[in-house]
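Fold and geometry: a report
Chain by chain, the residues run as shown.
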Amino acid sequence: MRITIVGGGIAGLVTALSLHAAGFRPEVRESARSIEAVGVGINLLPHAVRELAALGLADELAAIALAPERLLYCDRAGDAVWEEPLGRTGGYRWPQHSVHRGRLQLLLLDALRLRTGSDTVRTGMVFQGFEQLGDEVLVHFLDRGDNTVTTERTDLLIGADGIDSAVRAQLYPAEGPSHWNGVHMWRGVAEAPHVLGGRTIVVAGGDPGDKFVAYPIADPPAPGGNALMNWVLEVRHPGTAGELDRSNRRVALDRVRAGFDGWSLPWIDLPRLVEASSDVYEYPMLDRDPLPRWSFGRVTLLGDAAHPMFPMGMNGGSQSVVDARALAWCLARAADPAAALDRYDRLRRDTVNRIVLRNRELGPERIIALAAARGAGLPATEAREISHRYKQVTHATVEDLGAPSAWTA
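Below is a summary of the structure that appears in this document.

Criteria and thresholds
- Sequence positions are assigned chain by chain, starting from 1 and proceeding in written order.
- Where totals are concerned, whole chains, interfaces and linings use all residues; where local detail is concerned, this predicted model gives features only for residues with pLDDT of at least 70, and gives and counts side-chain atom pairs only at 80 or more.
- With hydrogens and water set aside, each side-chain value is computed from the structure's full complement of heavy atoms.
- Strands here mean DSSP runs of E at least two residues long; helices mean DSSP runs of H or I at least four residues long; both are numbered from the N terminus.
- As a reference, a globule follows 2.2 Å times the number of residues to the power 0.38, and the radius of gyration itself is taken over C-alpha atoms.
- A simple rule labels every residue: compare its accessible area, found with a 1.4 Å probe on the protein chains alone, to the largest value its type can have, and call it buried under 20%, exposed over 50%, or partly exposed in between.
- Two residues qualify as a contact provided that any one of their heavy atoms is within 4.5 Å of a heavy atom in the partner residue.
- Per-residue accessibility takes into account occlusion by the displayed protein chains alone, with areas from the Shrake-Rupley method and a 1.4 Å probe.
- Asp and Glu count as negative and Lys and Arg as positive, but His and the ends of the chain are not part of the count.
- The location of each charge is read from NZ of Lys, CZ of Arg, CG of Asp or CD of Glu.
- Here the expected span of a helix is defined as 1.5 Å times the quantity of residues minus one.
- Any carboxyl oxygen of Asp or Glu that lies within 4 Å of a side-chain nitrogen of Lys or Arg is treated as forming a salt bridge with it.
- The term polar contact refers here to a pair of N or O atoms within 3.5 Å; inside protein, the definition further demands a hydrogen-donor-capable atom paired with an acceptor-capable atom, and it admits residues adjacent in sequence only when both atoms are side-chain atoms.
- Every axis in this analysis is a line fitted to C-alpha atoms, fitted for helices over the stretch in contact. Angles between the N-to-C directions lie between 0 and 180 degrees.
- Note that the term roughly parallel is reserved for angles under 35 degrees, roughly antiparallel for angles over 145, roughly perpendicular for angles of 65 to 115, and oblique for everything else.
- Whether a crossing is left-handed or right-handed is set by the direction in which the near helix is turned from the far one by less than a right angle, anticlockwise for left-handed and clockwise for right-handed.
- Under this grouping Gly is polar, as are all residues other than the nonpolar Ala, Val, Leu, Ile, Met, Phe, Trp, Tyr, Cys and Pro and the charged Asp, Glu, Lys and Arg.
- Two strands make a pair as long as DSSP finds a minimum of two bridges between them.

1. Some thoughts on the overall build of the protein chain
If you tally the helices and strands in the protein chain, you get eleven helices and 17 strands. A compact globule built from 409 residues should have a C-alpha radius of gyration of about 22 Å, and the protein chain, at 21 Å, falls within 12% of that. Along the first, second and third principal axes, the C-alpha atoms of the protein chain reach 60 × 45 × 45 Å. Across the 409 residues that make up the protein chain, the buried fraction comes to 55%. Excluding contacts between residues fewer than 6 apart, the proportion of contacts in the protein chain whose partners are at least 24 apart in sequence is 74%. For the protein chain, the exposed surface amounts to about 16,700 Å²; the carbon and sulfur share of it is 50%. If you average the places of the 44 positive and of the 50 negative side-chain charges in the protein chain, the two averages end up 3 Å apart.

As structure tokens, this is what we get:
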């Protein structure tokens, strides 16, 4: 069965690897002219690491990532509000991984090409639209190489083309723009000394727009050297979504310095962190309303194309990995491909829609928002309950992940 995947990001590449492992013939079409190691950090939670391990990528992933052991929530002065263990330190069978997004994407691309051949992924192919004709789908692409429109025949079409998905736009033409909560994320990567033992993810501040996140994504190359630190500063700007600049523009360092006014974290040199960042980029914090349906005949959505979410709880990328594995599992167990896509929709959509809505309510980061609003720490029992309930919503408790992947086809 030929399956065309629109989008060569993490979601699309894991989907292709999962489909190949289940015996299918995936083809990836990416609009960018090339796939390169760009971007900043991402966290893969244990439920995603379990699925990548089932694809035979555990060692390769561990070689390019760090396994954080602690999550620390604190206020603007660096005083702890709540902390909890992560990954294996927290009792999980699989680690959590912090990794450079670009390096992860290239790892997945290399693995896919090694297993399926170099022709599986074609870049410079801009999705233009599709038509369903009986038991096949005609997919139209603009080839950026020669500026011609080509049509490909496929058995299934998977839209894994991100928050601004063109596949989703054809399925829901009246949906409109993504939803912006008024927050911009200033994101950078810097060479800086390890902090708090070098295996801690720090989330400081309170509400969205008043928050700082930092974690390492690579150890120092030599003892005493600098680690590679991923960091995010959230700032709130007035305006409407209609006025939103989506260009992911560079932020001048003097603006970034001003953004850190009032912050005092004793265990990290914030001015040095800013100066050591080669570039700082601005990203709006966006999501979309949950959809009532992902699958339409032989076409479906996956990852951010299906359920873009605010980055609370570090769950967006991890849920995309689970989507990919669940989709392949459903296809391997059904004679009717359209029925398999419907089953995938039923298995995944309600769960992930609940996560989208819970993240609008701040997810586990409600802990620091409540502490900031009250001007005092949170009782441990209350913080623990908020954290545990979020894990239950995401099906990511230690008990949920006690066995090998249930999605192995």
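2. Describing helix H1 (residues 10-21)
Along its twelve residues, H1 runs 16 Å from first to last C-alpha, staying within 8% of the 16 Å computed at 1.5 Å per residue. When you tally the buried positions in H1, you get ten out of twelve residues, the bulk of the element. When we look at burial in H1, the residues that qualify are Ile 10, Ala 11, Gly 12, Leu 13, Val 14, Thr 15, Ala 16, Leu 17, Ser 18 and Leu 19. In the segment just after H1, Gly 23 is the residue with positive phi, at about 100 degrees.

3. As for the pattern of salt bridges
One pass over the full model with this rule turns up 30 salt bridges. Put simply, Asp 219 and Arg 199 hold a salt bridge, and the shortest N to O gap is 2.7 Å. Taken as a pair, Asp 219 in the loop between strand S14 (210-218) and strand S15 (227-236) and Arg 199 in the loop between strand S12 (179-192) and strand S13 (200-205) lie far apart in primary sequence, 20 residues in all. Classification of Arg 199 by relative accessible area gives partly exposed; the value is 23%.

4. Side note on unusual backbone geometry
If you check the backbone angles, Leu 362 has positive phi at about 85 degrees while not being a glycine. Phi at His 395 is positive, roughly 55 degrees, even though this residue is not glycine.

5. What about the side chain of Asn 315?
Relative to the elements of secondary structure, Asn 315 occurs in the loop between strand S17 (299-301) and helix H8 (316-332). Take Asn 315: its relative accessible area is 2%, and that puts it in the buried class. Engagement of the side chain of Asn 315 in a polar contact is seen with the side chain of His 47, the distance being 3.3 Å. A distance of 3.5 Å separates the side chain of Asn 315 from the side chain of Tyr 390, its partner in a polar contact. With sequence-adjacent residues up to four places away left out, Asn 315 is seen in contact with Leu 45, His 47, Met 309, Tyr 390 and Thr 394.

6. Regarding the packing of helix H2 (residues 46-54) against H8
Following both chains from N to C, one finds H2 and H8 inclined at 40 degrees, their axes separated by 8 Å at the closest point. With respect to their mutual orientation, H2 and H8 come out oblique. The way H2 lies across H8 gives a crossing that is left-handed. Residues His 47, Ala 48, Glu 51, Leu 52 and Ala 54 of H2 lie in contact with H8, whose contacting residues are Ser 318, Gln 319, Val 321, Val 322 and Arg 325. Taken together, the residues of the contact of H2 with H8 break down into five nonpolar, three polar and two charged.

7. Here's the deal with the sheet that holds S12
The strand order across the open sheet built from seven strands is S5-S4-S13-S14-S15-S12-S16, with neighbouring strands paired in mixed fashion. Of all the strands in the sheet, the pair left with one neighbour each is strand S5 (80-85) and strand S16 (277-287). Strand-to-strand twist across the sheet, computed as the mean angle between neighbouring axes with direction ignored, equals 20 degrees. As paired elements, strand S4 (residues 70-74) and S5 share five bridges and run antiparallel to each other. Paired with Leu 72 across the strands is Glu 83, a residue of S5.

8. Examining helix H4 (residues 101-116)
Across its 16 residues, H4 extends 22 Å between first and last C-alpha, which sits within 8% of the 22 Å expected from 1.5 Å per residue. Gly 117 sits one or two residues past H4 and shows a positive phi near 105 degrees.

9. Points about the sheet that holds strand S8 (residues 125-133)
Read from one edge of the open sheet, three strands run S8-S9-S10, paired in antiparallel fashion. Lying at the two open borders of the sheet, with one neighbouring strand each, are S8 and strand S10 (148-154). Across the sheet, the mean angle separating the axes of adjacent strands is 20 degrees when strand polarity is ignored. Two strands pair when backbone bridges link them, and strand S9 (residues 136-143) and S10 are joined in this way by seven bridges, in the antiparallel orientation. Considered in S10, the bridge of His 140 is made with Thr 151.

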